[in-house]
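# Architecture and fold: a report
Residues per chain, in single letters:
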Amino acid sequence: MSNAGRILDWEGCFNVRDLGGLGGVRPGALVRADALDRLTARGWTSLTGHGVRTVIDLRNDDEAGVDHAPRPADLTTVRIPLDGIEDREFWDVWWGTAGFATPAYFRPFLARFPERVAAVAAAVAGAPPGGVVFHCGLGRDRTGIIALVLLRLMGASPEEIAADHGLSEPRVRAMYAARGRPYDSREIEEYTAGLGTTVHELARSAAAWLMPQEYLRAGGLSGAELAGLRGRLGA
């Protein structure tokens, strides 16, 4: 499946794509997205028409909004706040910085919060039959962390994962423009230039560092859950 073919048009969202075709992920099994509570009725129809039956919301409790259109009753929604925002020792370093909008924080986050990441993986493994969509607000950062781990587990290369991460940037720009909000990428560019690297290389290096099976086992995922996860995502 080409990158263009993976991008999904769900009315009300801007940054939705199927992860099928990356590594051994089966098309329709796993979708990443921005905030789904903005979906219109047509958007929800597109979601269920794609085969999705489980939604995993990675946002903090204070971020969840009221659905703009009724959420289908046959969807299972699981809320797993990924940030662990109460850990001030970690977040006082990253919160509000340009690095928080880049994969520079992915590896430190993964090292700090394996149990939270494994909880999301367990939710995917244990979901009812059908596709799973996971989302945060923009569909770029927290969603990017989970995509990195699951794609690496399924055999995607660091280069594939970094390329997928890069697809979010123009979608986020479009989202900000549509909502009349300013989006200035210069801060991110200056931040990465100061590190002597790029957003793409930060994502690639984080993916290359991760040993996904060992990481998820350390976070509490059992061997049976790992096997189940691979089985439900694979062809």
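Structure's up top.
This section reports on the structure supplied with the text.

About the cut-offs
- Residues numbered from 1 in each chain as written.
- Predicted model: local features only at pLDDT ≥ 70, side-chain atom pairs only at ≥ 80, totals over all residues.
- Heavy atoms only, no water.
- Axes fitted to C-alpha atoms, helices over the stretch in contact; angles between N-to-C directions.
- Helix = DSSP H or I, 4+ residues; strand = E, 2+ residues; numbered from the N terminus.
- Parallel < 35°, antiparallel > 145°, perpendicular 65-115°, else oblique.
- Contact = heavy atoms within 4.5 Å.
- Nonpolar A, V, L, I, M, F, W, Y, C, P; charged D, E, K, R; others polar.
- Pairing = 2+ DSSP bridges.
- Phe/Tyr/Trp six-rings, centres within 6.5 Å; stacked < 30°, edge-to-face > 60°.
- Buried < 20%, exposed > 50% of the residue type's maximum accessible area, 1.4 Å probe, protein only.
- Lys NZ or Arg CZ within 6 Å of the ring centre and 35° of its normal.
- Lys, Arg positive; Asp, Glu negative; His and termini not counted.
- Salt bridge = Lys/Arg side-chain N within 4 Å of Asp/Glu carboxyl O.

Attention now goes to the packing of helix α7 (residues 158-166) against helix α8 (residues 168-178). The interhelical angle for the contact between α7 and α8, taken along N-to-C directions, is 15 degrees, at an axis separation of 5 Å. Between α7 and α8, the crossing angle belongs to the class labelled roughly parallel. Contact residues: Asp164, His165 and Gly166 in α7; Ser168, Glu169 and Pro170 in α8. Looking at the contact of α7 with α8 residue by residue, the class counts come to one nonpolar, three polar and two charged.

Taken together, the five strands give an open sheet; going across it, the order is β1-β2-β5-β3-β4, and neighbouring strands pair in mixed fashion. What marks the edges here is a single partner per strand, and that holds for β1 (17-18) and β4 (76-79). As defined by bridge partners, strand β3 (residues 52-57) adjoins strand β5 (residues 131-135) across five bridges and the pair is classed as parallel. Within β5, the residue paired with Thr54 across the bridge is Val132.

Moving on to the packing of aromatic side chains. Evaluated as defined, the whole model comprises 14 aromatic pairs. Considering the side-chain rings of Phe100 and Tyr105, the 5.0 Å spacing of their centres and the 70 degrees angle between planes classify their relative orientation as edge-to-face. Residue class for Tyr105 comes out buried when judged on its relative accessible area of 0%. Aromatic side chains Tyr105 and Phe106 sit 5.4 Å apart centroid to centroid with 75 degrees between the ring planes, which places their arrangement in the edge-to-face category. Neither residue differs from the other here; Tyr105 and Phe106 are each classed as buried. Site record: aromatic cluster; members linked through ring pairs are Phe90, Trp91, Trp94, Trp95, Phe100, Tyr105, Phe106, Phe109 and Phe113. One cation-aromatic arrangement involves Arg181 over Tyr176; the distance from NZ or CZ to the ring centre is 4.4 Å.

The next thing to look at is the side chain of Asp34. Within the secondary structure, Asp34 sits in the loop between β2 (30-33) and α2 (41-49). For the buried Asp34, no salt bridge is present, and the opposite-charge side chain at shortest range is Arg179, 4.5 Å distant. Each residue touching Asp34, except ones within four places of it in the same chain, is listed here: Cys13, Phe14, Asn15, Val16, His135, Cys136, Gly137, Leu138, Gly139, Met175 and Arg179.

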